[in-house]
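As a plain string of letters, each chain reads:
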Amino acid sequence: MTASTVDGPGLRTEYPFTLPRGYVDERGQVHRSGAMRLATAKDELTAHADPQVRQNPAYLSVHLICRTLTSLGTVAPVDRFVIEHLFASDLAFLQDLYRRINQHGHTEADVRCPGCGHRFVVDIAAGDESEEPGG
């Protein structure tokens, strides 16, 4: 499956992203680009059965991100160790991305410029900006 995979008319199952800071591996290489797939029911169910999640509910997002990240630079595999060693801002980014694609079906956010009040849409995963119609 590639980052632009479509399983049917209009069904997007994988979303590319760029981390704000990036994962730094043991050689000092920074990995920022990756992809996350839509979660399945099994992803959610196995997360709640995981002993570490039961002991510490904060691990729920780590478990879900581990299961749904399909790539992160050249890191292989993307496992719990990798997710646990992300910068906090990158983990927060991935938690928000997971929520957006699984609850809303997209990675876009409506924003307003604090200076001029202009409204526009930002794709938080790809960093693309596009104006709203009439904006």
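From a predicted model like this one, the values you see are computed outputs, not experimental measurements.

Caption draft 1: Here's a closer look at a nonpolar patch on the surface. A cluster of nonpolar side chains, namely Val-24, Val-30 and Phe-87, defines an oily patch on the protein surface of about 240 Å² accessible area. Here Val-30 shows up in strand β4 (residues 30-37).

Caption draft 2: Local environment of the packing of helix α1 (residues 41-49) against helix α3 (residues 59-68). With their axes 9 Å apart at the nearest point, α1 and α3 run at an angle of 140° to one another. Regarding the angle of α1 to α3, the classification is oblique. Judged by the sense of rotation from one axis to the other, the crossing of α1 with α3 is right-handed. Between α1, through Lys-42, Asp-43, Glu-44, Thr-46, Ala-47 and His-48, and α3, the contact on the second element is made entirely by Leu-60, His-63, Leu-64, Arg-67 and Thr-68. Taken together, the residues of the contact of α1 with α3 break down into three nonpolar, four polar and four charged.

Caption draft 3: Just α3, in detail. Across the ten residues that make up α3, a large majority, seven, are buried. Taken together, the buried positions of α3 are occupied by Ser-61, Val-62, His-63, Leu-64, Ile-65, Cys-66 and Thr-68. Its buried side turned inward, α3 meets β4, α1, α2 (51-55), β5 (69-72), α4 (80-84) and α5 (88-104).

Caption draft 4: Looking closely at the nonpolar core. Phe-17, Met-36, Leu-69, Leu-72, Ile-83 and Leu-94 are the most contacted members of the largest nonpolar core, which totals 23 residues. At the level of elements, β3 (14-24), α3, β5, α4 and α5 are the ones that each hand at least two residues to this core. Among the elements that line this core, the one with the most residues is α5, at six residues. Sequence-distant contacts of Ile-83, defined by excluding residues within four places in its chain, comprise Val-62, Ile-65, Cys-66, Leu-69, Val-78 and Leu-91.

Caption draft 5: Spatial organisation of the pattern of salt bridges. Summed over all chains, the structure comprises six salt bridges. Here Asp-50 makes a salt bridge to Arg-80, at a shortest N to O gap of 3.3 Å. With Asp-50 in the loop between α1 and α2 and Arg-80 in helix α4, this pair connects stretches of sequence that are 30 residues apart. Asp-50 gets classed as buried once you look at its relative accessible area, which sits at 14%. Several salt bridges share partner residues, and in doing so they unite Arg-37, Asp-43 and Arg-67 into one network.

Caption draft 6: Main features of the packing of aromatic side chains. Inspection of the entire model under this criterion finds one aromatic pair. Ring centres of Phe-17 and Phe-93 lie 6.2 Å apart, and the angle between their planes is 55°; on these two criteria the pair is classed as tilted. One end of the pair, Phe-17, is in strand β3; the other, Phe-93, is in helix α5, with 76 residues separating them in the sequence. Residue Phe-17 shares its accessibility class with Phe-93, and that shared class is buried.

Caption draft 7: Looking closely at the packing of α3 against α5. Two numbers describe how α3 lies on α5: the axes approach to 10 Å, and their chain directions differ by 75°. By the angle between their directions, the pair α3 and α5 is classed as roughly perpendicular. In this structure, α3 uses Ser-61, Leu-64, Ile-65 and Thr-68 to contact α5, whose residues at the interface are Leu-91, Leu-94, Gln-95 and Tyr-98.

Parameters at a glance
Residues numbered from 1 in each chain as written. Predicted model: local features only at pLDDT ≥ 70, side-chain atom pairs only at ≥ 80, totals over all residues. Heavy atoms only, no water. Patch = residues over 30% accessible without salt bridge, like charges linked within 9 Å, V, L, I, M, F, W, Y side chains within 5 Å. Areas by Shrake-Rupley, 256 points an atom, 1.4 Å probe, with all protein chains shown as cover. Salt bridge = Lys/Arg side-chain N within 4 Å of Asp/Glu carboxyl O. Helix = DSSP H or I, 4+ residues; strand = E, 2+ residues; numbered from the N terminus. Axes fitted to C-alpha atoms, helices over the stretch in contact; angles between N-to-C directions. Parallel < 35°, antiparallel > 145°, perpendicular 65-115°, else oblique. Left-handed = near helix turned anticlockwise from the far one by under 90°. Contact = heavy atoms within 4.5 Å. Nonpolar A, V, L, I, M, F, W, Y, C, P; charged D, E, K, R; others polar. Buried < 20%, exposed > 50% of the residue type's maximum accessible area, 1.4 Å probe, protein only. Core = buried A, V, L, I, M, F, W, Y, C linked by side-chain atoms within 4.5 Å. Phe/Tyr/Trp six-rings, centres within 6.5 Å; stacked < 30°, edge-to-face > 60°.

What is shown is where atoms sit, not what they do.
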